[in-house]
Amino acid sequence: LEKAEQYVALRRPYLINDLRMQRTLMDRRLVYDLLEESGIDVPRHVFMSRDGYVSTGTGDGPKKDDDGEGGSSICREEPEIEEHDDHIEVNGVTINKPFVEKPVDADDHNIAIYYPSSAGGGCKKLFRKVGDRSSEFYPEINEIRRDGSYIYEEFIETQGTDVKMYTVGPDYGHAEARKSPAVDGKVERNPDGKEVRFPVILTLREKEIARRIVLRFKQQVCGFDILRIQEGDSLVSYVCDVNGWSFVKNSRKYYDDCAQILTEHMLALLKPKSLISFSALAPLLTTVDDTKSRKKRHHHNHHRGASIADRVKSMLMGASNSSQNDTDDNEKDEENDKVTDLQTSDTVGEVRQEPVDFTPIRDLPDQLSTEPVPNSSIVQSGSSSLADPDDTSLGAREDGPTSHEEELRCVITIIRHGDRTPKQKLKYVTDQERMLGYFHDHTKKVKKDLKVKAKKNMVEFLSMVKALIGDLEAEGPKKNFELLARARHIRDILERWQFSGLNRKLQMKPQAWDDVETPNGLKPNCSKLQLIVKWGGDLTKLGEKQATQLGNRLRNELYPANKGGGILRLHSTFRHDLKIKTSDEGRVMKTAAAFAKGMLELEGDLPPILVSLVHKEKDSQHMLDPSGHKDVKADLEKCKEKINANMQRDLDYDKMTKEERESLVGPERLLSLHRALKEVGNPRKTLIAIHSTIGQLVDQLDDMLGELLSGDEEVNEGGAGLKGKEGQEGALSGIKLYKGETLLELTERWKLLQNKLYDEETETFDLSRV
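Residues numbered from 1 in each chain as written. Predicted model: local features only at pLDDT ≥ 70, side-chain atom pairs only at ≥ 80, totals over all residues. Heavy atoms only, no water.

### Comments concerning helix H23 (residues 743-757)
Argument step 1. Taking 1.5 Å of rise per residue, 15 residues should cover 21 Å, and H23 covers 21 Å from first to last C-alpha, within 8% of that figure.
Argument step 2. All buried positions along H23 are accounted for by Leu-743, Glu-745, Leu-746, Thr-747, Arg-749 and Leu-757. (Helix = DSSP H or I, 4+ residues; strand = E, 2+ residues; numbered from the N terminus. Expected span 1.5 Å × (residues − 1). Buried < 20%, exposed > 50% of the residue type's maximum accessible area, 1.4 Å probe, protein only.)

Structure below.
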């Protein structure tokens, strides 16, 4: 760049792209400030500037004057940053995870995305494409970098798609969609080895964004990245990066247009009279510096010839070319004058900057390019039409009957979570001082339940439990045998997995209070509480596999593969509005992410896919949760009662009449239900067989435990472990099964299921246990 600047200073050529603005593009903070100044939306962000940079936009957070009141921005001597489990605070601005960490140097592509604990945590590191990889996920990294200056911005959920736009002048743009590197990091390539991209249709707002970037950054040929999201009924586009000299990788049409535009651009500047053929790009020429107007001011005796735009408009309107002939005598002189102007003008070496309207892009009409729009709101697209600007009939739609009476508008699929581990809980009432102290330290209202799920609070609780175990052991194991066993069990549960916010939680329910004297008078203090520890219910590997296979199956059956790209092309180009919504249960969110992985042929870990493609909203939870819908809940209860009654009947499928089968599962057209009933055979006999099989499993587990138990049980340090027969420390908590479950817990769980499944007094089965 420095060498190019020296050449420009020496030779003073005309510049297509301004070189001085290239310096601006090398600092992402300057780019964001200029975008905000131009009325263009950027992601909510904050600058962590360790080099003294002062933002002219919102990058430095709340602006304060010397008195601490609102005012102009000031340079902070020391940047302020605080890091927490699921958010950071920079200069008073809170950015919640998931967030993006960008180096301020635009040439540094080592960008990181940090995920919240509710999605499993971890960090996705983005980098320049190496082979077929553009990013890698690191589940153990959760802390931000502390070296250098960075931009921290909220992660924009774009449904896994980025839009890259390429401009040639302010009135021509080519946009392509690609799979975001934030999803799975795999680069999809075509047989020629080029990254798979799909052209997209731009909205009028996005065309105006392109125009403003070209004019504000003085880059005729450039590229920038758009993040598209749906906000309510409106499509909002954020710009997250601007690059100089960017070209489309593989489009013959683009290069033909680019060559034509640049040729006309330079000829219009140097030899305007040579452009005698019809041009499809006239609007571009109105942005070129018209040196003829300057010459006219110095040479009043010269007759000003018609401009290119005027000539093209005359051709469109069928006007005579006689006015052109009147100027032929002066063409040669004026062209020579223009070249002389370029060689002597003070503006040589600079790109002319047109006035830019800074009206926020959001305030412009949100329409696609195929719809008419008021001329005052946006510049006409140079690549579309040169008709009279007042003629909006090109985009008008004729009223009348459509060719299709009916049309498939959407496909809605409701999916249950995949196979999970059993949900388990441990309850007991306690008045231990350490437990009560933890409760009072973390609650705001002593008469309200306390729920603990955050990593920091869980770590504190674990430390408290370990301290409690130390106190009980010091008092004597024999004296506190039961309390010590419970405390060790809780400790083992908490230490079983790495804290991630998805696998366990605890509740504290106050049950008794005493009035305590304080400086402000009497205040209630909890004296006894019920502790509830919940764990399990995690999605298993089998469940993840089931969800991925279902996604593959839906893609292959609903959208058979074709040369056009099928659902992948539709999704990337926003012609297929795929939305995946989920409740806030960990197993449900993971199932949704695994389904998206199969549906869109993705690879890698689930957290990045979960954050990029799966929506967890209050409206979604309300829609998926029947508890708030009385009518729906009543229907569900009726359905459960009918299933519970019908599925206990002693009837063989082969001997059933058509009416009996339909009374059990509904009309014959419900093929999947009838196939399932055929597989079950006789419902009651099948339930009896299930109960018997569980009984055999429990007997086998009891035998295994019997080999480990000695006559005199003694709890080992392992927690729920017991001494073995032959003097070995066969700690049951040391025999780790799937997801860290112990053999003792496994046996107790199956015994409970066996007892709850069948009631011998009423001779009925509880089908909710199946």
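Don't stop here, the text continues.
### Quick look at the confidence of the model for the protein chain
Argument step 1. Put simply, the protein chain has an average pLDDT of 77, and 75% of its residues get 70 or more.
Argument step 2. In the predicted structure, residues 66-74 sits below a pLDDT of 50 and forms 16 contacts with residues beyond four places in sequence or in another chain.
Argument step 3. In the model, residues 282-309 has pLDDT below 50 throughout and makes 54 contacts with residues more than four positions away in sequence or in other chains. (pLDDT = per-residue confidence, 0-100. Contact = heavy atoms within 4.5 Å.)

### A closer look at the nonpolar core
Argument step 1. By size, the foremost hydrophobic cluster in this structure holds 36 residues, and its most contacted members are Leu-35, Ile-213, Phe-217, Phe-224, Val-239 and Val-242.
Argument step 2. Elements that contribute at least two residues to this core include exactly helix H2 (20-25), helix H3 (28-37), strand E10 (161-168), strand E11 (173-179), helix H4 (204-217), strand E13 (221-231) and strand E14 (234-244).
Argument step 3. Setting aside its immediate chain neighbours within four residues, Phe-224 contacts Val-163, Lys-164, Met-165, Thr-167, Ile-209, Ala-210, Ile-213, Val-239, Asp-241 and Val-242. (Core = buried A, V, L, I, M, F, W, Y, C linked by side-chain atoms within 4.5 Å.)

### Things to note about a positive patch on the surface
Argument step 1. There is a patch of like positive charges on the surface, built from Arg-416, Lys-423, Lys-425, Lys-427, Lys-451, Lys-453, Lys-505 and Lys-616.
Argument step 2. Looking at the positive patch element by element, the count peaks at three residues for strand E15 (residues 423-430).
Argument step 3. Assignment of secondary structure puts Lys-505 in strand E17 (residues 504-518).
Argument step 4. For Lys-505, a relative accessible area of 36% gives the class partly exposed. (Patch = residues over 30% accessible without salt bridge, like charges linked within 9 Å, V, L, I, M, F, W, Y side chains within 5 Å. Areas by Shrake-Rupley, 256 points an atom, 1.4 Å probe, with all protein chains shown as cover. Salt bridge = Lys/Arg side-chain N within 4 Å of Asp/Glu carboxyl O. Lys, Arg positive; Asp, Glu negative; His and termini not counted. Charge placed at Lys NZ, Arg CZ, Asp CG, Glu CD.)

### Some details on the sheet that holds strand E12 (residues 198-199)
In a beta sheet, neighbouring strands pair by backbone hydrogen bonds and run either parallel or antiparallel.
Argument step 1. As summarised here, the arrangement of the five strands in space is E12-E11-E10-E13-E14, forming an open sheet in which the pairing is antiparallel. Looking at which strands have only one partner, the edges of the open sheet turn out to be E12 and E14.
Argument step 2. Along the sheet, helix H5 (residues 252-270) makes contact with E10, E11 and E13, crossing E10 at roughly 35 degrees. (Pairing = 2+ DSSP bridges. Axes fitted to C-alpha atoms, helices over the stretch in contact; angles between N-to-C directions.)

### Focus on the packing of aromatic side chains
Argument step 1. Applying the stated criterion across every chain yields a total of nine aromatic pairs.
Argument step 2. On the numbers, 6.3 Å between centres and 45 degrees between planes, the contact of Tyr-150 with Tyr-152 is tilted. Each member of the pair, Tyr-150 as well as Tyr-152, carries the same accessibility label: buried.
Argument step 3. Taken together through their ring pairs, the aromatic side chains of Phe-99, Tyr-114, Tyr-150 and Tyr-152 make up a single cluster.
Argument step 4. For Lys-447, the ring lying beneath its charged end belongs to Trp-513, and the centroid distance is 5.4 Å. (Phe/Tyr/Trp six-rings, centres within 6.5 Å; stacked < 30°, edge-to-face > 60°. Lys NZ or Arg CZ within 6 Å of the ring centre and 35° of its normal.)

### Considerations on the pairing of E11
Argument step 1. With six of its seven residues buried, E11 lies for the most part within the structure.
Argument step 2. In this sheet, E11 lies alongside E10 in antiparallel orientation, the contact comprising seven bridges. Bridge pairing links Thr-161 to Lys-179 in E11.
Argument step 3. Once E10 ends, the chain turns through four residues before running back antiparallel as E11, passing Gly-169 with a positive phi of about 80 degrees.
Argument step 4. Note that E11 and E12 share two bridges and pair antiparallel. Bridging across to E12, Ala-177 finds its partner in Phe-198.

### Focus on the sheet that holds strand E1 (residues 45-48)
Argument step 1. Taken in spatial order, the six strands make up an open sheet running E1-E9-E5-E6-E7-E8, and their pairing is antiparallel. Only two strands of the sheet have a single partner each, and these edge strands are E1 and strand E8 (133-138). Mean inter-strand twist for the sheet, computed between neighbouring axes without regard to direction, equals 20 degrees.
Argument step 2. Sheet topology note: the strand E5 (residues 99-103)/strand E6 (residues 111-114) ladder contains three bridges and is antiparallel.

### Points about the side chain of Thr-167
Argument step 1. Among the structural elements, Thr-167 can be located in strand E10.
Argument step 2. Look at Thr-167 and you get buried, because its relative accessible area is 0%.
Argument step 3. If near-sequence neighbours (up to four positions away) are discounted, Thr-167 is found in contact with Tyr-172, Gly-173, Ala-210, Val-214, Gln-219, Gln-220, Val-221, Cys-222, Phe-224 and Tyr-254.

### Some details on the environment of Leu-484
Argument step 1. Assignment of secondary structure puts Leu-484 in helix H13 (residues 481-495).
Argument step 2. It is 6.3 Å that separates the C-alpha atoms of Leu-484 and Ile-469, two residues lying 15 residues apart in sequence.
Argument step 3. Those residues in contact with Leu-484 that lie beyond four places of it in its chain are Ile-469, Leu-472, Glu-473 and Pro-477.

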